[in-house]
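# Report on the structure
Below, each chain spelled out in residue letters.
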Amino acid sequence: MQGLKNMTVTEGESVTLECQISGHPAPGIMWFREDYKIESTIDFQITYESGYARLVIREAFAEDSGRFTCTATSHAGTISTSCYLLVKSKTLSVFYMCL
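Below, the structure is looked at part by part. Residue positions are counted from 1 within each chain, in the order its sequence is given. Where local features are concerned, this predicted model is filtered to residues with pLDDT of at least 70; where side-chain atom pairs are given and counted, the filter is 80 or more; whole-chain, interface and lining totals use all residues. Excluded from the side-chain calculation are hydrogens and water; included are all heavy atoms of the structure.

In terms of helices and strands, the protein carries zero helices and eight strands. Elements are defined by DSSP. Helices are runs of H or I of four residues or more, strands are runs of E of two residues or more, and each kind is numbered from the N terminus. In the protein, the order of α-helices and β-strands from amino to carboxyl end is β-β-β-β-β-β-β-β. By the compact-globule yardstick of 13 Å for 99 residues, the protein is too spread out, its C-alpha radius of gyration being 17 Å. By principal-axis analysis of the C-alpha atoms, the protein measures approximately 75 × 25 × 20 Å. Within the protein, the fraction of its 99 residues that count as buried is 28%. Radius of gyration here uses only the C-alpha atoms, and the compact-globule reference equals 2.2 Å multiplied by the residue count raised to the power 0.38. For every residue, the accessible area (1.4 Å probe, protein chains only) is compared with the maximum for its type, and the residue is labelled buried under 20%, exposed over 50%, or partly exposed between those bounds.

Before going further, it helps to examine the nonpolar core. Here, the term nonpolar core denotes a set of buried Ala, Val, Leu, Ile, Met, Phe, Trp, Tyr and Cys residues that are joined through side-chain atoms within 4.5 Å. Ranked by internal contacts, the top residues of the largest apolar core, which has 19 residues, are Leu17, Trp31, Phe68 and Cys70. Mapped onto this core, the elements with two or more residues apiece are β2 (15-20), β3 (28-33), β6 (52-57), β7 (66-74) and β8 (77-88).

Summarising the sheet, strand β1 (residues 7-10) and β8 pair through four bridges and their orientation is parallel. Bridge assignment links Thr10 to a residue of β8, and that residue is Lys88. DSSP bridges decide pairing: two strands pair if at least two such bridges lie between them. Where β7 lies against β8, nine bridges are found, and the strand directions are antiparallel. In the sheet register, Phe68 faces β8, and the bridge partner there is Cys83. Linking two consecutive strands that pair antiparallel, namely β7 and β8, is a turn of two residues.

This part takes up the environment of Val87. When you line up the elements, Val87 lands in strand β8. Residue Val87 is classed as buried on the basis of its relative accessible area, which comes to 4%. For the pair Val87 and Glu39, spaced 48 residues apart in sequence, the C-alpha to C-alpha distance is 20 Å. Contacts are assigned to residue pairs with any non-hydrogen atoms lying within 4.5 Å of each other. Excluding its chain neighbours within four sequence positions, the residues that come into contact with Val87 are Val9, Thr10, Glu11, Ala60, Phe61, Ala62, Asp64 and Ser65.

Moving on, we get to the environment of Ile38. Along the chain, the position of Ile38 falls in strand β4 (residues 36-38). It is 16 Å that separates the C-alpha atoms of Ile38 and Cys19, two residues lying 19 residues apart in sequence. Beyond its immediate stretch of four places on either side in the chain, Ile38 contacts Trp31, Phe32, Arg33, Phe44, Ile46, Leu55 and Phe68.

Taken together, the three strands give an open sheet; going across it, the order is β2-β6-β5, and neighbouring strands pair in antiparallel fashion. For this open sheet the edge positions go to β2 and β5 (44-49), each flanked by a neighbour on one side alone. Between one strand and the next, the sheet's axes are offset by a mean angle of 15 degrees, whatever the strand orientation. Note that β2 and β6 share six bridges and pair antiparallel. Looking at β6, one finds that Gln20 is bridged to Tyr52. Between N-to-C directions, angles cover 0 to 180 degrees, with each direction set by a line fitted to C-alpha atoms, over the stretch in contact for helices.

Right, let's get into the sheet that holds β7. Reading across the sheet, the five strands line up as β1-β8-β7-β3-β4 and stay open at both edges, with mixed pairing between neighbours. Of all the strands in the sheet, the pair left with one neighbour each is β1 and β4. With direction set aside, neighbouring strand axes in the sheet form an average angle of 35 degrees.

Structure, rendered in structure tokens:
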């Protein structure tokens, strides 16, 4: 297994978390955020293709920050990898002009 990597993104950006997992037959893949299972939806798309497990967050928000874990399970056992995602709030710069 090639593990997940920590990421920092800005609010509103799309995020792809990816790890490489091999196994025959293909393992069952589950994703978690802070120990809560993530279900595949339009906002959180989960795929496993050609040995790569991916979680795509369509639009990240500050509350999506936290520890993400990908778990692969097969007859040989279970293996996991985790990373931290930090979603920074957008900040608006305001410039004042004095006349």
